[in-house]
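Observations on chain architecture
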Amino acid sequence: MMTENTLNEAKAWFESYSQGFKSVDNTIQKSIDMKRSHTIRVAENTAKLAQVLQFGPEQKVVAGIIAWGHDAGRFLQVVQYGTFNDAQSTDHAVLSAQLIEEAPFFATIDPSWQAIIKTAILHHSKIQLPKIENEQALPFCQLIRDADKLDVWAMATIHYNNSRNNDELSIIMLNLPNQLTASEKVIKSLLQGKLVVKEDMKSMNDFRLMLMSWVFDLHFKASYQMLAQQRYMEKLYDALPKQDGIINAYRAIKLFIENKFVEK
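Summary of the structure given here. (Residues numbered from 1 in each chain as written. Predicted model: local features only at pLDDT ≥ 70, side-chain atom pairs only at ≥ 80, totals over all residues. Heavy atoms only, no water.)

1. Some details on the packing of aromatic side chains
The description of two aromatic rings rests on the distance between their centres and on the angle between their planes. For the structure on display, the rule yields 13 aromatic pairs. On the basis of an interplanar angle of 70° and a centroid distance of 5.5 Å, the ring pair of Phe55 and Phe140 is categorised as edge-to-face. Residue Phe55 is found in the loop between α2 (26-52) and α3 (57-69), and its partner Phe140 is found in helix α7 (residues 138-162); the two are separated by 85 residues along the sequence. Classification of Phe140 by relative accessible area gives buried; the value is 3%. These aromatic residues form a ring-pair network of at least three members: Trp13, Phe14, Tyr17, Phe21, Trp68, Phe75, Phe105 and Phe106. Stacked on the ring of Trp214, the Lys or Arg Lys149 has its end atom at 5.6 Å from the ring centre. Between the NZ or CZ atom of Lys242 and the centre of the ring of Tyr237, over which it lies, the distance is 4.6 Å. (Phe/Tyr/Trp six-rings, centres within 6.5 Å; stacked < 30°, edge-to-face > 60°. Helix = DSSP H or I, 4+ residues; strand = E, 2+ residues; numbered from the N terminus. Buried < 20%, exposed > 50% of the residue type's maximum accessible area, 1.4 Å probe, protein only. Lys NZ or Arg CZ within 6 Å of the ring centre and 35° of its normal.)

This is the structure in structure tokens:
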């Protein structure tokens, strides 16, 4: 049976592994530190959502292990390639799943739970969640995606909007240029209620709009409540130029969120 002790071992493994990454490059080191803090907060978000969703004790442990391992591959990625862009480096989700599978504590977990953990980690960063054959894995896949998005939005409203370090901002925003405009394809996706694909992004403003499009991919009402309480969409919008397309896209997003609160 999965116990709190297993979750503590997963946390200890993450802390030991992530602390092993150091860089003389200040920008890379800040990226390492940021991803370490991000994982801690995703674990906190996961615990909150699992409680609201009335997960059982074992389910909470599994969800927590997924949270601690979901971005483990990011550290090696940024040190080796100097970017968080999977297309320009390596698929960090695949690397994360491989790393947690090699962790000593993982061998003590029942194979059925192992499969769920790896499935959730492998799919946490895909543009959309594909059909999950293992029905037991589905709520865990949905949970980590929501918990992850909630913290990326939190980081976006602090680091992405306020950073004075252009190099640091560039690496976070996939090395996109800092232009005043937003791409028509990105605006169109938002107006159609669709997720923005990375291939359509041409600027940092497109990146911010891509983050805003994630509202179309939350799975739980509790996640929307956390989103609204922290005013993440409003804060991202405040950092964008007030062009007609962006204004209309923001209105569409606000209406979408409002409708989520009246749905049964």
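Following the structure, the description resumes.
2. Some words on helix α13 (residues 244-262)
Counted at 1.5 Å a residue, the expected span for α13 with its 19 residues is 27 Å, and the 28 Å between its end C-alpha atoms agrees. Those residues of α13 that sit buried are Ile246, Ala249, Tyr250, Ile253 and Ile257. All buried residues of α13 lie within an arc of 100° about the axis, which places them on one face of the element. The outward face of α13, more than 90 degrees from its buried face, is lined by the exposed residues Asp244, Arg251 and Val262. Taken together, the buried residues of α13 touch α9 (184-191), α10 (204-213), α11 (221-230) and α12 (232-238). (Expected span 1.5 Å × (residues − 1). Arc of directions from axis to C-beta. Contact = heavy atoms within 4.5 Å.)

3. Notes on helix α4 (residues 73-81)
Among the residues of α4, Gly73, Arg74, Phe75, Gln77 and Val78 are the ones counted as buried. Phi turns positive one or two residues past the end of α4, at Gly82, with a value near 70°.

4. Regarding the side chain of Lys149
The topology assignment puts Lys149 in helix α7. Under the relative-accessibility criterion, Lys149 is labelled buried at 6%. When residues no more than four places from it in sequence are discounted, the contact partners of Lys149 are Trp214, Asp217 and Leu218.

5. Examining the packing of α11 against α13
With their axes 10 Å apart at the nearest point, α11 and α13 run at an angle of 130° to one another. Taken together, the axes of α11 and α13 are oblique relative to one another. Considering the relative orientation of α11 and α13, their crossing is left-handed. Along its contact with α11, which presents Lys221, Tyr224, Gln225, Leu227 and Ala228, the element α13 presents Phe256, Ile257, Lys260 and Phe261. In terms of residue class, the contact of α11 with α13 is made up of 6 nonpolar, 1 polar and 2 charged. (Axes fitted to C-alpha atoms, helices over the stretch in contact; angles between N-to-C directions. Parallel < 35°, antiparallel > 145°, perpendicular 65-115°, else oblique. Left-handed = near helix turned anticlockwise from the far one by under 90°. Nonpolar A, V, L, I, M, F, W, Y, C, P; charged D, E, K, R; others polar.)

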